[in-house]
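Single-letter residue listing:
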Amino acid sequence: PGTWESGAVQISSWWKKKNISTFWHGASPITIPVVSNGSGMGGKNRVSPVHIVSLLEYVNQHKTYATEYLYALSVAGIDGTLKKRFTKSHLKGMVRGKTGTLNSRGVSNLAGYIVMPEKTYCFAVLVNNKKLSQMSHWTIQQRVLEIAAPMLKKKKVTNKIRKVIKTKPVNN
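A brief report on the enclosed structure follows. Keep in mind the model is a prediction, meaning the values are calculated, not measured. (Residues numbered from 1 in each chain as written. Predicted model: local features only at pLDDT ≥ 70, side-chain atom pairs only at ≥ 80, totals over all residues. Heavy atoms only, no water.)

Another point: the packing of helix H1 (residues 4-18) against helix H2 (residues 49-61). Running from N to C, H1 and H2 cross one another at 60°; their axes reach a closest spacing of 13 Å. The angle between H1 and H2 falls in the class oblique. The chirality of how H1 crosses H2 is left-handed. Residues Trp-14, Trp-15 and Lys-18 of H1 lie in contact with H2, whose contacting residues are His-51, Leu-55 and Tyr-58. Grouping the constituent residues of the contact of H1 with H2 by class yields four nonpolar, one polar and one charged. (Axes fitted to C-alpha atoms, helices over the stretch in contact; angles between N-to-C directions. Helix = DSSP H or I, 4+ residues; strand = E, 2+ residues; numbered from the N terminus. Parallel < 35°, antiparallel > 145°, perpendicular 65-115°, else oblique. Left-handed = near helix turned anticlockwise from the far one by under 90°. Contact = heavy atoms within 4.5 Å. Nonpolar A, V, L, I, M, F, W, Y, C, P; charged D, E, K, R; others polar.)

Spelled out as structure tokens, the structure:
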């Protein structure tokens, strides 16, 4: 039978074996995510936006399952957990993502892809603030992506900006 401990060992082992983005756009090497349990509520879990974006990039580079994975994600303003989000945004239909929310802890996360005609970009926007409402978290996530998307399209995103907004282009 599986346990939290054996699951955490498997995740660490898989991450090392796949050698997922040990460097991120010239930045310092990223560490392997620390997973003590899979609920996301463990105080010892340490998964950063860079980890998430690196994993999304890894998935996107594996064409045998990348398309199916992409199509399994909710589409902004269209369906799933993103159906009521981005409805009046120019990113409606372009963002495909997975949400993660713990309202009692002030956590709202959105990670996935911005699909543009010429390229697909990975992103992860993690918001942790108990003082803000869930709607405020959603607004922050949407604005970050709306600000980033035109810069990505114009290819004016520098490594410094990518680091701040936690986006990373993927190779198509």
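Turning our eyes to something else, we now look at the packing of aromatic side chains. Taken as a whole, this structure holds one aromatic pair when the rule is applied. Ring centres of Trp-14 and Tyr-58 lie 5.5 Å apart, and the angle between their planes is 85°; this geometry places the pair in the edge-to-face category. Of this pair, Trp-14 sits in helix H1 while Tyr-58 is found in helix H2, placing the two residues 44 residues apart along the sequence. The class for Trp-14 is partly exposed, based on a relative accessible area of 34%. (Phe/Tyr/Trp six-rings, centres within 6.5 Å; stacked < 30°, edge-to-face > 60°. Buried < 20%, exposed > 50% of the residue type's maximum accessible area, 1.4 Å probe, protein only.)

With that out of the way, let us pick up H1. Along an α-helix, a turn takes 3.6 residues, which lines up residues three or four apart on a common side. Helix length check: H1 (15 residues) gives 21 Å between terminal C-alpha atoms against 21 Å at 1.5 Å per residue, within 8%. Following H1 by one or two positions, Asn-19 has its phi on the positive side, about 50°. (Expected span 1.5 Å × (residues − 1).)

With seven of its nine residues buried, strand E4 (residues 120-128) lies for the most part within the structure. One ladder, built from nine bridges, connects strand E3 (residues 107-115) with E4; its direction is antiparallel. Residue pairing in the sheet places Leu-110 in a bridge with Val-125 of E4. Linkage of E3 to E4, two consecutive antiparallel strands, is achieved through a turn of four residues. (Pairing = 2+ DSSP bridges.)

It is worth spelling out the environment of Asn-60 at this point. Within the secondary structure, Asn-60 is located in helix H2. By relative accessible area, Asn-60 is classed as buried at 8%. A sequence separation of 62 residues divides Asn-60 from Cys-122, and the C-alpha atoms of the two residues are 8.8 Å apart.

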